Amino acid sequence: MSKIVITGGAGFIGSHIAENLAKNGHEIVIVDNLDPYYSVDLKMKNVKTVLNSGDVTFVNADITDLSRMGQIIDSTVDYVYHEAAQAGVRISVEDPFKPNDVNVLGTLNVLKASLDAGVKKVINASSSSVYGKVKYLPFDEQHPTEPVSPYGVSKLAAEHYCRVFYEVYGLPTTSLRYFTVYGPRMRPDLAISIFTRKMLANEPITVFGDGEQTRDFTFIEDVVEANKRLLDNKITDGKVLNIGGGNRISVNCLIENLRSITGSKSEVIYAGKQKGDTEDTLAGVDLGNEMIGYRPLFNINKGLNNFVDWFKTEGDTHGFDKQVNVASPGSQKSVTSVVHLIESYKKHVLYNSN
Ligand SMILES: NC(=O)c1ccc[n+]([C@@H]2O[C@H](COP(=O)([O-])OP(=O)(O)OC[C@H]3O[C@@H](n4cnc5c(N)ncnc54)[C@H](O)[C@@H]3O)[C@@H](O)[C@H]2O)c1
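Note that the structure is a prediction, hence the values are computed from the model and not measured.

## Considerations on the nonpolar core
So, step 1. Among the nonpolar cores identified, the biggest contains 85 residues, and Val5, Ala18, Ile28, Ile30 and Val80 are the most heavily contacted of them.
So, step 2. With sequence-adjacent residues up to four places away left out, Ile28 is seen in contact with Ile4, Ile6, Ala18, Leu21, Ala22, Gly54, Asp55 and Val56.

## Focus: the pairing of strand E1 (residues 3-7)
So, step 1. In terms of burial, E1 is a largely internal element, 4 of the 5 residues being buried.
So, step 2. Of the strand pairs in this sheet, E1 and strand E2 (residues 27-32) are connected by 5 bridges, and their pairing is parallel. Note that in E2 the partner of Val5 across the bridge is Val29.
So, step 3. The parallel pair E1 and E2, bridged by helix H1 (residues 12-23), forms a crossover whose chirality is right-handed.
So, step 4. Relative to strand E4 (residues 79-82), E1 runs parallel, the two sharing 4 bridges. Of the residues in E4, the one forming a bridge with Ile6 is Tyr81.

## Concerning the site of the ligand
So, step 1. The ligand sits among 28 residues. The nearest are Gly8, Gly11, Phe12, Ala85 and Ser127.
So, step 2. Secondary-structure elements contributing two or more residues to the shell around the ligand are H1, helix H5 (97-117) and strand E5 (121-127).
So, step 3. Top contributing element to the shell around the ligand by residue count: H1, with 3 residues.
So, step 4. Residues belonging to the shell around the ligand are distributed by class as follows: 12 nonpolar, 10 polar and 6 charged.

## Observations regarding the environment of Val268
So, step 1. Along the chain, the position of Val268 falls in strand E13 (residues 268-271).
So, step 2. Along the chain, Val268 and Ile205 lie 63 residues apart, while their C-alpha atoms are 5.0 Å from each other.
So, step 3. Residue contacts for Val268: discarding those within four places in its chain leaves Ile205, Val207 and Ile255.

## Focus: the confidence of the model for the chain
So, step 1. Per-residue pLDDT for the chain has a mean of 91; in total, 90% of the residues score no lower than 70.
So, step 2. pLDDT under 50 marks residues 322-348. Its contacts with residues more than four places away, or in other chains, come to 35 contacts.
So, step 3. Segment residues 350-354: pLDDT under 50, and 9 contacts once partners within four positions in sequence are set aside and those in other chains are kept.

## Let's talk about the pairing of E2
So, step 1. E2 sits mainly inside the fold: 5 of its 6 residues count as buried.
So, step 2. Note that E2 and strand E3 (residues 56-60) share 5 bridges and pair parallel. The partner of Val31 across the bridge, within E3, is Val59.
So, step 3. Crossover handedness for the path E2 to helix H2 (residues 40-51) to E3: right-handed.

Basis of the calculations
Residues numbered from 1 in each chain as written. Predicted model: local features only at pLDDT ≥ 70, side-chain atom pairs only at ≥ 80, totals over all residues. Core = buried A, V, L, I, M, F, W, Y, C linked by C-beta atoms within 7 Å. Buried ≥ 20, exposed ≤ 12 C-beta atoms within 10 Å, placed from the backbone. Contact = placed C-beta atoms within 7 Å. Helix = DSSP H or I, 4+ residues; strand = E, 2+ residues; numbered from the N terminus. Pairing = 2+ DSSP bridges. Right-handed = clockwise from strand over helix to strand, strands pointing away. Near = placed C-beta within 6 Å. Nonpolar A, V, L, I, M, F, W, Y, C, P; charged D, E, K, R; others polar. pLDDT = per-residue confidence, 0-100.

Here you go:
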């Protein structure tokens, strides 16, 4: 069994990877600064779930702090899953500096600490946003990368740092380009979450553009499986792999699917296209299949049914609009209350007040 650091382990994807690996007997260290981009309560709920699934420690730390990363990623650590990021295309258009700080500098710090500690491999969460302008579909890993948002630029820079740390310094790294991930515990700022919440309340939903833009949606369990297959795997060192659902549907079609699952009467309102949004995405997953046997098992209907079932019982009914956001004066208060919330897990929680 291995000791595995998971940055961003309080978030959507990181918490699923952490929970799964903990249940499989690995020792897990979650590193997350509980960034208030979306509800800190949701993140703490994720942490509690993971703390209950095995040998897990939670460390509240910021990946932009190199010396802190050096303390956490020490010579006892075998693997690092690097999921922490300022995610979100639209917020990056509003503020390109924060995604750069967290996604580029933060990744560099994680890589440097991992190199110094001699970890066996860093598995980096990248994004389909690195492709940007569509030259052809499906995107294979050789497709030109011309991001159309500051977020895409930051994820591409992080990917290149991972490759260079392998080629120049010999640190094994693999980047996985995720294509719009959804499922239980998903980020409340993502379309499937927003649409589901509004549809269950029969509230109007807003679509940016004409709704004919297409997306390849990937169910969280497929993403976790791909990540697990990277442990003890040498052939992917220095490589980049697409992790997608392998199919695409339009936003209008997605809404109709959700409508038939929820029975919603929500009206659809069309608004102007948003800056930074890609027109279409579709993952070519042949390389992932060849190298790690990756094969997505969840088609969109199976995944949406699973998600809506979860949302009805455990979903975030408050919505992203009403969450504490980065600039909110309530942010610090929220983080403080979370610290009290996790008091009962004190044995497993190393809280850094820096
Ligand atoms: N969800 C998707 O559809 C998707 C698609 C492509 C790529 N990705 C990538 O996958 C990864 C996980 O995404 P997610 O959807 O789970 O996002 P998320 O926001 O739910 O999780 C990211 C976590 O990182 C933490 N974090 C942010 N800044 C930090 C910092 N400075 N120090 C420490 N922790 C910090 C946040 O608190 C959060 O818990 C990210 O790297 C994201 O860019 C996600």
